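Structure at a glance
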Amino acid sequence: MKVILKVWRQNNAESQGAFETYPVENVSGDMSFFEMMDMLNDQLVLDGKTPIAFDHDCREGICGTCGLFINGRAHGKIRAITTCQLHMRSFEDGETIVVEPWRAKAFPVIKDLIVERTSFDRIMQAGGYVSIKTGGTPDANAIPIAKRNADESMDAASCIGCAACVATCKNSSAMLFVAAKVSQLSLLPQGQPERVERAINMIAAMDEEGFGNCTNTGACEIECPKEISISHIGRLNREFLKASLKG
Amino acid sequence: MLNNKIPSGPLAEKWTHHKFSSKLVNPSNKRKYDIIIVGTGLAGASAAASLAELGYNVQAFSYHESPRRAHSIAAQGGINAAKNYPNDGDSIYRLFYDTIKGGDYRSREANVYRLAEVSNNIIDQCVAQGIPFAREYGGLLDNRSFGGAQVSRTFYARGQTGQQLLLGAYSALVRQMNTGQVKFHPRHEMLDLVMIDGEAKGIVTRNLITGEIQSHSANAVVLATGGYGNAFFLSTNAMASNATAIWRAYKKGAFFANPCITQIHPTCIPVASDHQSKLTLMSESLRNDGRVWVPKKKGDKRHPTEISEDERDYYLERLYPSFGNLVPRDVASRRAKEMCDLGHGVGETGLAVYLDFADAIERMGKDVVVQKYGNLFDMYKQITGENPYEIPMRIYPAVHYTMGGLWVDYNLMSTIPGLYILGEANFSDHGANRLGASALMQGLADGYFILPHTIGDYLSGKLGEAVSIENDAFSKTETDVKNRIDNLLSINGNRTVDDIHKELGLILWENVGMARNKSGLEMAIESIPKLKDEFWKNVKITGTADELNPELEKAGRVADFLELGELMARDALNREESCGGHFREEHQTKENEAKRNDEEFSYVAAWEHKGESLPAELHKEELIFENVELTTRSYK
Amino acid sequence: MSWYSTLIKSSVGKKAVMALSGLFLCAYLVIHLIGNLMLFAGPEIFNSYVEALSSVKPLVRAIEVILAGLFLTHILLSVKLTRDNSTSSSIKYDTNKAGENSGFFSRNMGLSGSILFIFLVTHLSTIWTQFQTQHEAGNFYSIIVGKTVGLGNPYITTLYCIAMVLLGFHLRHGFQSAFQSFGIRYNKYSGLIEGIAVFFWLIIPAGFLSIALYFGIIGAG
């Protein structure tokens, strides 16, 4: 099959970007979207042109590195996958595919389709951890945790930090990302001692980085590759309000 | 000349004694030391956090934008520990024994025992960090069984154990980043090691966004940069996983141990086309409930559901009645290859075997199967377009893990003083074959519980030592790095980096893959250097050095793989025996099992770089077994 | 930093205050609707109901001040939050199929809110002002159904109908969203809240709409 790629090209953070169009022939349905891009890039190199820069690494949907806005959807139209898990069989022969980088003020484009998401790390630095040192911890079975809490905590913890939630949010809000961590730890006894500080500091860091507010449209949970529910945002709101009201 | 520094005394007391007899750095002096850590996966992040907690100044480097992207994240199945929570007879000694045996008696007793010993601390540590391991209804931790063991000792967090453990180590690391005790350098790739007076004193990096070449000095350098499975082009590694850091260290004098010993994972999704860019692993835990089979008839192209029970060969169950589908990885992989070579392979390419869940679905019900393996089944369906609930999965082995790596002593220090190697990047604990759920264990053991105790012994002698990037060694290394980049960019040939990498991968897969023989290895030793010449004459890289340039990054890595590939073949040729992941066709039993040669090859092959035009020199570290008896592994 | 400044400086805190003001306004709608439904009982009952309210004028005035405060809070916070949100995104996507992952009205609360604001201004400057100025005449019913500012005027009726439909959509998202902002909409209670929400987004706007339709088209004749 053949597809036409309309791709955002931008030299670096300072330069102006623009769309460019590339026809790609001999695409097979079993190829992943990135394998199709690899094929195009090889051709661009041989033609002496600059290949399209895009972020990717594990290519199995877990590292969270990849993330493209494809035909108006974060990670493409298929539910619960990352861009690297998208296969060409999801497209029609001859289809024009619009490929854009994540758009958010907190994620500046550094080249073509690559954005900088270090703002996520700074949010995590504000409290996305349990303050324990290595060693001196109690036996793992000394703390029983109800299975349903452990399971729900795991639901939240499965966040891969890809930022599809921010990319798809009309407000570029990072609430689902922050909620995933706060929810994970607030469901577990280990997270209790720092519960108050964590909620307040992570929300403050999120606001500081220039992410928007949540208006509860629910788009994030639809686009989340790990299907993290916005009920975790509810829990984050509660944690924050409790923390700021009760202290 | 290789001093492995294994402490004397009874096996179970070595580590305790060693910790006591090692020199310490006074708590108030720790802040006077700078430590560089390259790579922030499980081993690197846990080491960076633990050393910073102790008070050392840590500079951490990653070519990723965030430590959370490291490929440790992709480990699915679990992490082993000798907790014996299920009360099925596990113990530190049993974990030690299983690991030594699983490694086909090519690892050090003392290292493996220490690994088993600290395994329990790892679980305690991870739980305290808030890692949501799977639990039973009573609230206590759940365990599952894994290949190569007859006890259930694997802790897991759904099919995302590596992710959860990495995020745990990452959380400890960001906590130290927040205090400023760790300075993290994202998107910085180490391109060379800096040596001063024969010791490791810093690194030269390239800022992947701006292309800037920078020097960084420290009192010690730690490499935790993972394995080199990507030498094969197709592997389960992430796209950027590479050997550059350890290869640069090798060329500066660190010995490379057992480079040929590679783990081929039996349960991966088969190659679909020439454009395949990587292979996806399906957790080995699938073999707990899935049954492996091929059609008895050669070249049987019928749909699997049309092949009746008596026309199927459940070859693992037939050959290994006691372990069945749970034989170690090397055995399962080689048997799959053998079945395909004999013409029983399935799928379009004939390079696959079935992993069938029909019985499991009937026995446990679909709901339980969904709960246990749902995400893996979804992943399989997404990639292949086939529904594994209805038709058996097709699987084939793929390069997964490299047991070889830089040689380290008991302190995890390489042959270069001040250079420490952790995790998959070192060779130390898995011998000739790593058991499932042991990689996470080793990475975290090295980072959380071993290096923080051993690094002081070296550093304590360096109190007051000032290392500065003003030293000529830094500017000289920077010049070397820049020249190499300029060389790469000036070639302007007509083959892409991937094109040459694929050719290398094919040579390695065919000749240094699951089964090796003398003529194939000799062919590889002859053809890889030619391919290296071709690369340096004919590769084409567009763009410049002072911008984000992924092709340039890849080129530097492939240039190193081309040299490493040759060493892998040389090591494989040298090792005239079959052991674990290294199978020499000349050395097998009548039943086609690996035949070790303990008389002549019970050693670690550590290779020393002697210069560009000279072959590497082999050093042998004898493996001494005082506690276990060397037997032929049998999983029958 | 005091608890209040922590709260109001944060995005989550602002949202919670906005949600709270919204829920109070929802509660007011119930009272307002009950009063309005008396129109169906005829001019006498309606007029005497309004007269009765006038006898507790200080209370009514106090409620009006509170309502003004709630509206102001709701509107000003929404303006502030919307402005913050508009700076958080950079370039807009060339192709964005937002309709495939979220509802139109959930994405356009500002739009429905702004139209409701126009309605509110119109409503206050007509009916409410007339009630104050023509209080002596005592015929409130005729103001409502009259042709000048009442439902006898087809333009007014149309505006009222549009506004009530929009109110429905505004509350359909807003009511549940408020509980989400407080963090009490999670799986266990979501069914209950959805049920209550139906009363607010469907029944109440439908009640108001029925008045507009009845007196605008049939009843006034």
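Here the residue numbering is sequential within each chain, running from 1 through the sequence in written order. As they are written, the chains are lettered A onward and the ligands numbered 1 onward, keeping that order. The model is predicted, so local features are restricted to residues of pLDDT at least 70 and side-chain atom pairs to those at 80 or more, both for listing and for counting; the totals for chains, interfaces and linings are taken over all residues. The side-chain figures draw on all heavy atoms in the structure; neither hydrogens nor water molecules are used.

Section: the pairing of strand β7 (residues 188-196) of chain B
Residues and elements named next belong to chain B. Only protein chains enter the accessibility calculation, which uses a 1.4 Å probe. A residue is then buried if its area is under 20% of the maximum for its type, exposed if over 50%, and partly exposed in between. Only DSSP runs of H or I reaching four residues or more are called helices, and only runs of E reaching two or more are called strands; each is numbered from the N terminus. When you tally the buried positions in β7, you get eight out of nine residues, the bulk of the element. Of the pairings in the sheet, the one linking β7 to strand β8 (residues 199-207) comprises eight bridges and is antiparallel in character. Among the inter-strand pairings, M190 is bridged to a residue of β8, identified as T205. The criterion for strand pairing is that DSSP finds at least two bridges linking the strands in question. In sequence, β7 turns back onto β8 through a hairpin of two residues, with D197 there showing a positive phi of about 50 degrees.

Some words on the sheet that holds strand β3 (residues 69-70) of chain A
All names here are of chain A. An order of β2-β1-β5-β3-β4 is seen for the five strands of this open sheet, with the pairing classed as mixed. Across the chains shown, the open sheet's two edge strands, defined by having one partner strand only, are β2 (18-24) and β4 (73-74). Packing of helix α1 (residues 33-46) onto the sheet brings it into contact with β1 (3-9), β2, β3 and β5 (96-100), and relative to β1 it is tilted by some 75 degrees. Contacts are residue-level and defined by heavy atoms, with any inter-residue pair within 4.5 Å sufficient. Fitted lines through C-alpha atoms give the axes, limited to the stretch in contact for helices. The angle between two N-to-C directions lies from 0 to 180 degrees.

Let's talk about the interface of chain A and chain C
Each partner contributes residues to the interface: chain A has 47 residues there, and chain C has 38 residues. For the pairing of chain A and chain C, the buried interface totals around 3400 Å² over both sides, and the portion due to carbon and sulfur atoms is 53%. Values labelled buried area give the accessible surface lost by two parts on being combined, using a 1.4 Å probe and summing over both. Area buried by chain A at its contact with chain C is led by R103, N213 and N216 of chain A, which between them contribute 17% of it. Any carboxyl oxygen of Asp or Glu that lies within 4 Å of a side-chain nitrogen of Lys or Arg is treated as forming a salt bridge with it. Counting across the interface, chain A meets chain C through two salt bridges. For K6 of chain A, the salt bridge goes to D94 of chain C, with nearest N and O atoms at 3.2 Å. Between N or O atoms, a polar contact is any pair within 3.5 Å; within protein, one atom must be a potential hydrogen donor and the other a potential acceptor, and residues adjacent in sequence are included only when both atoms are from side chains. Here chain A is connected to chain C by 23 residue pairs in polar contact (both at pLDDT 80 or more).

Section: the environment of V112 of chain B
Looking at the secondary structure, you find V112 of chain B in helix α4 (residues 109-128). Residues V112 of chain B and P397 of chain B, 285 residues apart in the sequence, show an inter-C-alpha distance of 26 Å.

Looking at the sheet that holds strand β15 (residues 353-356) of chain B
Residue and element names in this part refer to chain B. Spatial ordering of the open sheet is given by β12-β16-β15-β13-β14, a layout of five strands whose pairing is antiparallel. Every other strand in the sheet has two partners, leaving β12 (262-268) and β14 (312-313) as the edge strands with one partner each. For β15 and strand β16 (residues 393-402), the ladder comprises three bridges, and the chain directions are antiparallel. Opposite V353, over in β16, you have I395 as the bridge partner. Across the sheet, helix α8 (residues 329-341) is in contact with β12, β13 (291-295), β14, β15 and β16; its angle to β12 comes to roughly 65 degrees.

With respect to the arrangement of the chains
For the two pairs of chains in contact, the maximum contact count is reached by chains A and B. One finds no contact linking chain B with chain C; the least C-alpha distance across the pair is 20 Å.

Quick word on the nonpolar core
Formed by 281 residues in total, the largest nonpolar core has its most connected members in W102 and F107 of chain A together with I79, L223, L419 and I455 of chain B. Considering each element in turn, this core owes the most residues, twelve residues, to helix α15 (residues 550-574) of chain B. Excluding its chain neighbours within four sequence positions, the residues that come into contact with L223 of chain B are V38, M190, A245, I246, A249, L406, L419, Y420, I421, L422 and A425 of chain B. M36, L40, I81 and I97 of chain A belong to the second largest nonpolar core, which has 28 residues in total. Take the buried residues of types Ala, Val, Leu, Ile, Met, Phe, Trp, Tyr and Cys, join any two whose side-chain atoms come within 4.5 Å, and each joined set is a nonpolar core.

Regarding the pattern of salt bridges
All names here are of chain B. Per the counting criterion, the structure on display carries 76 salt bridges over all chains. Here K83 makes a salt bridge to D124, at a shortest N to O gap of 2.6 Å. On the criterion of sequence distance, the pair formed by K83 in the loop between β3 (79-80) and α3 (92-102) and D124 in helix α4 is long-range, its members being 41 residues apart. For K83, a relative accessible area of 14% translates into the label buried. Among the residues examined, D124 registers a relative accessible area of 11% and is labelled buried. In this structure, the salt-bridge partner of R557 is E189, at a minimum N-O distance of 2.9 Å.

Topic: the interface of chain A and chain B
Taken together, the 75 residues of chain A in the interface contact 75 residues of chain B. Buried area between chain A and chain B, both sides added, is near 6300 Å², and the carbon and sulfur share of it is 52%. Put simply, chain A and chain B have seven salt bridges between them. A salt bridge links R187 of chain B to E116 of chain A, with the shortest nitrogen-to-oxygen separation between them at 3.8 Å. At the surface where chain A touches chain B, the tally comes to 45 residue pairs in polar contact (both at pLDDT 80 or more). Of all elements in the fold, only α1, β6 (109-111), β7 (114-115), α2 (118-125), α3 (147-157) and α5 (175-186) of chain A reach the threshold of two or more residues within the side of chain A that touches chain B. Counting residues per element, the side of chain A that touches chain B draws most heavily on α3 of chain A, at seven residues. Under the scheme applied here, ten amino acids are nonpolar (Ala, Val, Leu, Ile, Met, Phe, Trp, Tyr, Cys and Pro), four are charged (Asp, Glu, Lys and Arg), and all others, including Gly, are polar. Here the residues of the side of chain A that touches chain B sort into 35 nonpolar, 20 polar and 20 charged.

Focus on the domain arrangement of chain A
Residue and element names in this part refer to chain A. Segmentation of chain A into domains returns domain 1 (3-111) and domain 2 (118-246). Placing a centre on the C-alpha atoms of domain 1 and another on those of domain 2 gives a separation of 29 Å. Facing the 19 residues of domain 1 at the interface are 19 residues of domain 2. When the two sides are added together, the surface that domain 1 and domain 2 hide from each other amounts to roughly 1500 Å², 56% of it contributed by carbon and sulfur. At the junction of domain 1 and domain 2, the tally comes to one salt bridge. Counting across the domain 1 and domain 2 interface gives five residue pairs in polar contact (both at pLDDT 80 or more). Residue composition of the side of domain 1 that touches domain 2, grouped by class: eleven nonpolar, five polar and three charged. Delimitation of the domains relies on an automatic or database domain assignment.

Points about the packing of aromatic side chains
Aromatic ring pairs are defined here through the distance separating the ring centres and the angle between the ring planes. Classification of ring pairs rests on two measures: the distance between centres of Phe, Tyr or Trp rings, Trp counted by its six-membered ring, which must be within 6.5 Å, and the angle between planes, read as stacked under 30 degrees, edge-to-face over 60 and tilted in between. Taken as a whole, this structure holds 42 aromatic pairs over all chains when the rule is applied. Measuring from ring centre to ring centre gives 6.4 Å for Y373 of chain B and F377 of chain B, while their planes differ by 15 degrees; the resulting arrangement is stacked. Here F377 of chain B and Y373 of chain B lie together in helix α10 (residues 366-384), a separation of four residues that amounts to about one turn. We note that Y373 of chain B, like F377 of chain B, is buried. An aromatic cluster of three or more residues is present, and its members are F33, F34, F54 and F91 of chain A. Whether a charge sits over a ring comes down to the Lys NZ or Arg CZ being within 6 Å of the ring centre and within 35 degrees of the ring normal. The ring of Y389 of chain B has K366 of chain B lying over it, and the distance from NZ or CZ to the ring centre is 4.7 Å. Stacked on the ring of Y401 of chain B, the Lys or Arg R434 of chain B has its end atom at 4.1 Å from the ring centre.

Quick look at a nonpolar patch on the surface
Residues and elements named next belong to chain C. Here, patches come from residues exposed beyond 30% relative accessible area and free of salt bridges, joined within 9 Å for like charges and within 5 Å for nonpolar side chains (Val, Leu, Ile, Met, Phe, Trp, Tyr). Areas reported here follow the Shrake-Rupley algorithm with a probe of radius 1.4 Å; residue values treat only the protein chains shown as occluding. A surface patch of nonpolar side chains, about 570 Å² in accessible area, is lined by L37, F40, L213, Y214, I217 and I218. Here the nonpolar patch takes four residues from helix α9 (residues 187-219), the largest share from any one element. You can see F40 is positioned in the loop between α2 (11-37) and α3 (43-55). Judged by relative accessible area, which is 39%, F40 ranks as partly exposed.

Thoughts on the packing of helix α1 (residues 14-21) of chain B against α4 of chain B
All names here are of chain B. Where α1 meets α4, the closest approach of the two axes is 9 Å, and the angle between their N-to-C directions is 90 degrees. Accordingly, the angle class assigned to the pair α1 and α4 is roughly perpendicular. On α4, the residues touching K14, W15 and T16 of α1 are A110, R114, E117 and V118. Of the residues contributing to the contact of α1 with α4, the split by class is three nonpolar, one polar and three charged. In these notes the angle categories are as follows: under 35 degrees is roughly parallel, over 145 is roughly antiparallel, 65 to 115 is roughly perpendicular, and the rest is oblique.

What to know about the domain arrangement of chain B
Residues and elements named next belong to chain B. Here chain B is described as being made up of domain 1 (264-400) and domain 2 (473-601). One C-alpha centre belongs to domain 1, the other to domain 2; they are set 30 Å apart. The contact between domain 1 and domain 2 buries some 950 Å² in all, and 59% of this surface belongs to carbon and sulfur atoms. Taken together, domain 1 and domain 2 are joined by two salt bridges.

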